[in-house]
Amino acid sequence: MMKAGLKDNRPIGVFDSGLGGLCALKELKKLLPNEHFVYFGDTGRTPYGTRSEEKITEYAASDVRFLQEHNVKAILAACGTVSAIALERIKDTCSVPLFGIIDSASRSASAATKNGKIGVMGTGATVKSGVFETKLSALGDYEVYKTACPLLVPIVENNLIDTEIAYHAIKHYMSPLVSTGVDTVILGCTHFPLLSEKISEIYPDLTLINSGAEAAVSLAEYLMRENMLCDEKNGLTEYFVSDVPNNFDTCAAVFMGGALGGEIKKIDIE
Ligand code: DGL
C-alpha cells in the first residue's frame, strides 16, 4: 500500500568498483527519469574482485560513507563483489536503505529457469563467497554451478568486447558451465552484461540474468512502494570517480550506451 503525502527529493546513490555500475544506473535513469542520481566509480582502486574480504569491506564502507555525505535517500551497491562480500558487514553503518545485486538476480534466475539448473558467473571473490547458492537454496531446489571469470572484467573495462579475445575468454569460462546443462546464467558481476550479446551469439539458448538491471528494477519498485520518489523533475546525474583512466570517456560511453550527460569529478576517496 502506498504511504500518502510523502516525498523525497534527495538523490539516489549508486556505486561500483569502477564502471560496471553504470549499467545499473542506465536502467535506473530509464525507470526514474525525474530523479537526481549520484554515481561513484572507484576507478582508482578497481578491481575489487581479486582482493581480500577485509579490503573489499573497507573499500565498500568508504564508498557508502562518501555517498551518504551527499545526503542520498538510498544506495545501490551496483557491484557483485561488494554485494557478495561486504553488504551484510557494513549495513549497520548506513542510515539509508542499502541494496545489492544478489537478491534480485537470484529471484529472476529462479523465475527464469525451466530445468532448475542455474549458472553463476562472477569475480573470484563473489564466486568464492557462495552467496548465490545460499540465496537460491532459500528460493527453491536448484542445482547451482559457478565459475569465476576474472579476465572478463579487464576485457570489458578496456573496451575489448567485440574482439577475438572476448570470444575466447567467454568460451574458456563458459564451456564447463554450459556442459552442466544450465539453462539460466546469472551475470553476477555488473561488468558482464556488456558481454551479453557476445555470449548469446555463442550460447543462444541460455537465459542471461543482468544483475545490474534487475537490481535497478528492484530499487525503483522499493522507492515507489515506499513513496520515496521525488515530486519535482530533477534528472541530474553527478559522477564521481577516484581516478580518471586514459580510456575513461570511451569506456563510460559504452557502459551507458551513449554520453554520460553530466560532469565527472575526481575525488580522493582515501
Ligand atoms: N563490478 C564488479 C562486480 O560486479 C567487478 C569488478 C571488480 O572486480 O572490481 O563484481
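Shown above is the structure to which this text applies.
The present account deals with the structure reproduced in this document. (Residues numbered from 1 in each chain as written. Predicted model: local features only at pLDDT ≥ 70, side-chain atom pairs only at ≥ 80, totals over all residues. Heavy atoms only, no water.)

## Here's the deal with the site of the ligand
As a matter of local geometry, the ligand sits amid 14 residues, with Ser17, Tyr48, Gly49, Gly80 and Thr81 nearest to it. Contacts to the ligand include glycine 80, whose backbone N or O atom sits 2.6 Å from an oxygen atom. Note that an oxygen atom of the ligand is positioned 2.6 Å from one of the side-chain N or O atoms of threonine 81. Burial of the ligand by the protein amounts to 99% of the accessible area it has alone, namely 300 Å². Across the shell around the ligand, the residue classes tally to five nonpolar, eight polar and one charged. (Near = heavy atom within 4 Å. Polar contact = N/O pair within 3.5 Å; in protein donor to acceptor, adjacent residues only side chain to side chain. Areas by Shrake-Rupley, 256 points an atom, 1.4 Å probe, with all protein chains shown as cover. Nonpolar A, V, L, I, M, F, W, Y, C, P; charged D, E, K, R; others polar.)

## Here we look at the side chain of serine 17
By the secondary structure assignment, serine 17 is in the loop between β1 (12-16) and α1 (22-31). With near-sequence residues (within four places) excluded, serine 17 lies in contact with Gly41, Asp42, Thr43, Thr46, Tyr48, Cys79 and His191. (Helix = DSSP H or I, 4+ residues; strand = E, 2+ residues; numbered from the N terminus. Contact = heavy atoms within 4.5 Å.)

## Here we look at the pattern of salt bridges
Under the criterion given, the structure shown has 13 salt bridges. Across the pair aspartate 42 and arginine 45 runs a salt bridge whose closest N-O atoms are separated by 2.6 Å. Each member of the pair aspartate 42 and arginine 45 is classed as buried. Arginine 45 serves as the salt-bridge partner of glutamate 270, at 3.3 Å between the closest nitrogen and oxygen. Note that glutamate 270 is positioned in the segment after β10 (264-266) and arginine 45 in the loop between β2 (37-41) and α2 (53-69), a separation of 225 residues in sequence. A relative accessible area of 69% means that glutamate 270 is categorised as exposed. (Salt bridge = Lys/Arg side-chain N within 4 Å of Asp/Glu carboxyl O. Buried < 20%, exposed > 50% of the residue type's maximum accessible area, 1.4 Å probe, protein only.)

## Overview of the packing of aromatic side chains
Applying the stated criterion across every chain yields a total of five aromatic pairs. Centroid distance tyrosine 39 to tyrosine 239: 6.4 Å. Interplanar angle 55°. Geometry classified as tilted. Here tyrosine 39 is found in strand β2, whereas its partner tyrosine 239 is found in strand β9 (residues 237-241), with 200 residues between them in sequence. In terms of burial, tyrosine 39 and tyrosine 239 fall into one category: buried. Summarising the aromatic geometry, the rings of tyrosine 48 and tyrosine 59 are spaced 5.3 Å apart at their centres and angled 50° between planes, so their arrangement reads as tilted. Taken together, the positions of tyrosine 48 in the loop between β2 and α2 and tyrosine 59 in helix α2 put the pair 11 residues apart, joining distant regions of the chain. Each member of the pair, tyrosine 48 together with tyrosine 59, is buried. Site record: aromatic cluster; members linked through ring pairs are Phe40, Phe66 and Phe240. (Phe/Tyr/Trp six-rings, centres within 6.5 Å; stacked < 30°, edge-to-face > 60°.)

## Things to note about the side chain of aspartate 63
Mapped onto the secondary structure, aspartate 63 falls in helix α2. Not counting residues within four places of it along the chain, the set of residues in contact with aspartate 63 comprises Phe15, Phe40, Asp42, Arg45, Tyr48 and Ile269.

## Let's talk about the sheet that holds β1
Across the sheet, six strands lie side by side as β4-β3-β1-β2-β9-β10; this open sheet has parallel pairing. Looking at strand neighbours, the two that pair on one side only are β4 (98-99) and β10, the edges of this open sheet. Of the pairings in the sheet, the one linking β9 to β10 comprises three bridges and is parallel in character. Among the inter-strand pairings, tyrosine 239 is bridged to a residue of β10, identified as isoleucine 264. (Pairing = 2+ DSSP bridges.)

## A short note on the packing of helix α5 (residues 102-112) against helix α11 (residues 211-225)
Two numbers describe how α5 lies on α11: the axes approach to 8 Å, and their chain directions differ by 105°. On the basis of the axis angle, α5 is roughly perpendicular to α11. Only Ser211, Glu214, Ala215 and Ser218 of α11 make contact with α5, whose side of the interface consists of Ser104, Ala105, Arg107 and Ser108. A breakdown of the residues in the contact of α5 with α11 according to their chemical character gives two nonpolar, four polar and two charged. (Axes fitted to C-alpha atoms, helices over the stretch in contact; angles between N-to-C directions. Parallel < 35°, antiparallel > 145°, perpendicular 65-115°, else oblique.)

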